[in-house]
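Listed here are the chains, written in short residue letters.
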Amino acid sequence: MPNSSLISVVDDDDSVRESLSGLMRSVGFGVTVFASAEEFLNSSHLSDTNCLILDVRMPGMNGLELQRRLAASHRSIPVIFITAHGDEEARVRALNGGAVEYLLKPFSEDALLKAIDTALKLK
């Protein structure tokens, strides 16, 4: 039975968006992709998103700022951070802000899918 959950991916890297989109579809999730936090905030998918996969470092609004903005507007979308930078301060801020997981690129498909499973149980 297909999963009706919508996973939104926000990452400024085209290849990351494409690969995560393919992975999400291959396991039965609906998926939307965005090149920026601003694009996600202005989309019609904001209220439909069941889990947000979010890059930490992006031009314009970064992932931590988007997480804060969602919390301030009382949007309870579970967030999984992905990053190529092992910044311990950012990891602590993300997890203290309620993130489900903070994964360093490259991460395994299994690690991401486990984090999504955890996130969807919170929604």
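Everything that follows concerns the structure shown earlier in this document.
First things first, this report covers the structure right here in the doc. Just so it is clear, the model here is predicted, and its values are computed rather than measured.

**A word on helix H5 (residues 109-122)**
Between the first and last C-alpha of H5 there are 20 Å, a value that for 14 residues agrees with the 20 Å anticipated at 1.5 Å per step. Those residues of H5 lying buried are Leu112, Ala115, Ile116, Ala119 and Leu120. Buried residues along H5 cover an arc of 135° about the axis, so they all sit on one side. Those residues of H5 that are exposed and aimed more than 90 degrees away from the buried face are Asp110, Lys114 and Lys121. Against the buried residues of H5 lie strand S1 (6-10), helix H1 (14-26), strand S3 (51-55), strand S4 (79-83) and strand S5 (101-104).

**Focus on the packing of aromatic side chains**
Taken as a whole and assessed by the stated rule, the structure comprises two aromatic pairs. Look at Phe34 and Phe40: their rings are 5.4 Å apart centre to centre, the planes differ by 70°, and that puts the pair in the edge-to-face class. Both residues of the pair, Phe34 and Phe40, count as buried. Measuring from centroid to centroid gives 6.2 Å for Phe81 and Tyr102, while their planes differ by 45°, and the two rings are tilted. Within this pair, whereas Phe81 is found in strand S4, its partner Tyr102 is found in strand S5, the two being separated by 21 residues in sequence.

**A few points about the sheet that holds S4**
Ordered by their spatial adjacency, five strands build an open sheet running S2-S1-S3-S4-S5, and the pairing between neighbours is parallel. Among the strands making up the open sheet, the edge pair consists of strand S2 (30-34) and S5. Within the sheet, the average angular offset between the axes of one strand and its neighbour, ignoring direction, is 20°. Relative to S5, S4 is paired through four bridges, and the arrangement is parallel. Across the sheet, the residue bridging to Phe81 is Tyr102, located in S5. Contacts from H1 reach S1, S2, S3 and S4, with the element oriented near 170° to S2. Sitting on the sheet, H5 touches S1, S3, S4 and S5, and the angle it makes with S3 is about 135°.

**Regarding the nonpolar core**
Val10, Phe40, Leu52, Leu54, Leu66, Leu70 and Phe81 are the most contacted members of the largest nonpolar core, which totals 21 residues. Among all residues touching Leu54, those that are not within four sequence positions of it are Val10, Gly63, Leu66, Gln67, Val79, Ile80, Phe81 and Ile82. Counting residues in each nonpolar core, the second largest holds 18 residues, with Ile7, Leu20, Ile53 and Leu112 among its members.

**Some thoughts on the pairing of S1**
Summarising burial for S1: five of the five residues are buried, a large majority. The alternating pattern of S1 places Leu6, Ser8 and Val10 and Ile7 and Val9 on opposite faces, both of which are buried. With respect to chirality, the unit in which S1 leads through H1 into the neighbouring parallel S2 is right-handed. Here four bridges tie S1 to S3, and the two strands are oriented parallel to one another. Residue pairing in the sheet places Ser8 in a bridge with Leu52 of S3.

Basis of the calculations
The written sequence of each chain sets the order in which its residues are numbered from 1. Per-residue local features are limited, in this predicted model, to residues with pLDDT of at least 70; the limit for side-chain atom pairs, both in listing and counting, is 80 or more; totals at the level of whole chains, interfaces and linings are taken over all residues. Water and hydrogen atoms were dropped before computing side-chain values, which therefore reflect all heavy atoms in the structure. Secondary structure elements are taken from DSSP: a helix is a run of H or I of four residues or more, a strand is a run of E of two residues or more, and numbering for both begins at the N terminus. Residue count minus one, scaled by 1.5 Å, sets the expected span of a helix. Burial status follows relative accessibility: with a 1.4 Å probe on protein chains alone, a residue under 20% of its type maximum counts as buried, one over 50% as exposed, and anything between as partly exposed. As used here, the arc belongs to the directions running from the helix axis to the C-beta atoms. Residues are treated as being in contact if the distance between any of their heavy atoms lies within 4.5 Å. Only Phe, Tyr and Trp rings take part, Trp by its six-membered ring, and two of them pair if their centres are within 6.5 Å. Stacked means planes under 30 degrees apart, edge-to-face means over 60, and tilted covers everything else. Any two strands with at least two DSSP-identified bridges between them are counted as paired. Lines are fitted to the C-alpha atoms to define the axes, a helix being fitted only along its stretch in contact, and any angle between axes, read from their N-to-C directions, falls within 0 to 180 degrees. Put simply, buried Ala, Val, Leu, Ile, Met, Phe, Trp, Tyr and Cys residues joined by side-chain atoms within 4.5 Å make one nonpolar core. The crossover handedness rule: strands pointing away from the viewer, path from first strand over the helix to second strand clockwise, crossover right-handed.

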